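So you can see what is in the structure, the chains are spelled out below.
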Amino acid sequence: MGRMLAISFTALAAGAALVGCTNNENTEQTPAPMTTTMTETMTETAPTAGPVLSTAQTDLGEVVVNVDGMTVYAFDMDTPGTDASACDASCLEVWPPVTSDNPQPEVSGVAGTIGTIPGPQGGNQVTVNGMPVYLFSGDAGPGSVAGQGVQGVWWALNPAGEKIMTEPGG
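Residues numbered from 1 in each chain as written. Predicted model: local features only at pLDDT ≥ 70, side-chain atom pairs only at ≥ 80, totals over all residues. Heavy atoms only, no water.

Named according to an unreviewed UniProt entry, the protein chain is Lipoprotein with Yx(FWY)xxD motif originating from Rhodococcus spongiicola.

Take a look at the structure:
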């Protein structure tokens, strides 16, 4: 019970930190800083062997996930085909980029066009159909889709690399 309470509190705290992650000039609030341990875990570069992205079943249906089975998300403020992420430093604390050692990452089950751009924190940030992809620090584990639709700008991707614009289970 204590573990579930801790997980719930962590998810609640991460959710509360999201205001200010839209790059909206009208937003005056900034996200709370994440712990170093969470940030380091979420931004580790994917191993060079095996697929960086694959797919898994969630409450949204089949979605694109990273090497650890965590749902990846696209950010509406990013422009497809550009070589830079629109997610600023405070945004990246909550939405760390999916990275790869390889500029041509291997994938499994993802039909979208895969590439990379220079990562905002160095290295190669993975793109799907020209959109940089991110993890959500509030996802509790593999299969979680807590980042879906956050502030109306964060979306999980289907295996074709298209944004899923529905709520979980909908």
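Still more to cover.
Undergrad: What's the story with the environment of Val153 in this structure? I'm lost.
TA: Mapped onto the fold, Val153 is located in the loop between β7 (131-134) and β8 (154-156). Separated by 79 residues in sequence, Val153 and Ala74 place their C-alpha atoms 8.1 Å apart. (Helix = DSSP H or I, 4+ residues; strand = E, 2+ residues; numbered from the N terminus.)

Undergrad: Please clarify how the packing of aromatic side chains should be interpreted in this entry.
TA: Each aromatic ring pair is characterised by the separation of its centres together with the angle its planes make. Evaluated as defined, the whole model comprises seven aromatic pairs. Between Tyr73 and Trp95, the aromatic rings sit 5.5 Å apart at their centres with planes inclined by 85 degrees, giving edge-to-face as the arrangement. With Tyr73 in strand β3 (residues 73-75) and Trp95 in the loop between α3 (89-94) and β4 (99-100), this pair connects stretches of sequence that are 22 residues apart. Comparing Tyr73 with Trp95, the two get one shared label, buried. Ring centres of Phe75 and Tyr134 lie 6.4 Å apart, and the angle between their planes is 85 degrees; on these two criteria the pair is classed as edge-to-face. One end of the pair, Phe75, is in strand β3; the other, Tyr134, is in strand β7, and 59 residues separate them in sequence. Of the residues examined, Tyr134 reaches a relative accessible area of 0% and is grouped as buried. By the ring-pair criterion, three or more aromatic residues cluster together here, those being Tyr73, Phe75, Trp95, Tyr134, Phe136 and Trp154. (Phe/Tyr/Trp six-rings, centres within 6.5 Å; stacked < 30°, edge-to-face > 60°. Buried < 20%, exposed > 50% of the residue type's maximum accessible area, 1.4 Å probe, protein only.)

Undergrad: Please explain the pairing of β7 as it appears in this structure.
TA: Successive side chains on a regular strand alternate, one facing one side of the sheet and the next facing the other. Neither face of β7 is open: one carries Met131 and Val133, the other Pro132 and Tyr134, and all of them are buried. Taking the residues that link successive antiparallel strands as the turn, the strand β6 (residues 124-128)-β7 hairpin has two residues, and the phi of Asn129 there is positive, at about 50 degrees. (Pairing = 2+ DSSP bridges.)

Undergrad: Looking at this structure, I do not really get the environment of Ser137. What am I missing?
TA: When you line up the elements, Ser137 lands in the loop between β7 and β8. Taking the relative accessible area as the measure of exposure, Ser137 reaches 4% and is therefore buried. C-alpha of Ser137 to C-alpha of Leu92: the two residues are 45 residues apart in sequence and 9.6 Å apart in space.

Undergrad: What am I meant to see in the environment of Gly123 here?
TA: Residue position: Gly123 is located in the loop between β5 (114-118) and β6. Taking the relative accessible area as the measure of exposure, Gly123 reaches 56% and is therefore exposed. With residues near it in sequence (within four places) discarded, Gly123 still touches Ile117 and Pro118. (Contact = heavy atoms within 4.5 Å.)

Undergrad: Would you explain the state of the cysteines in this entry?
TA: Formally, a disulfide is one covalent bond, and it connects the sulfur atom of one cysteine to the sulfur atom of another. For the structure shown, the criterion picks out one disulfide. Paired through a disulfide, Cys87 and Cys91 show a sulfur-sulfur distance of 2.0 Å. Measuring the twist about the S-S bond at about -95 degrees, one finds the Cys87-Cys91 disulfide to be left-handed. Summarising the burial analysis for this pair, Cys87 and Cys91 share the class buried. (Disulfide = S-S within 2.5 Å.)

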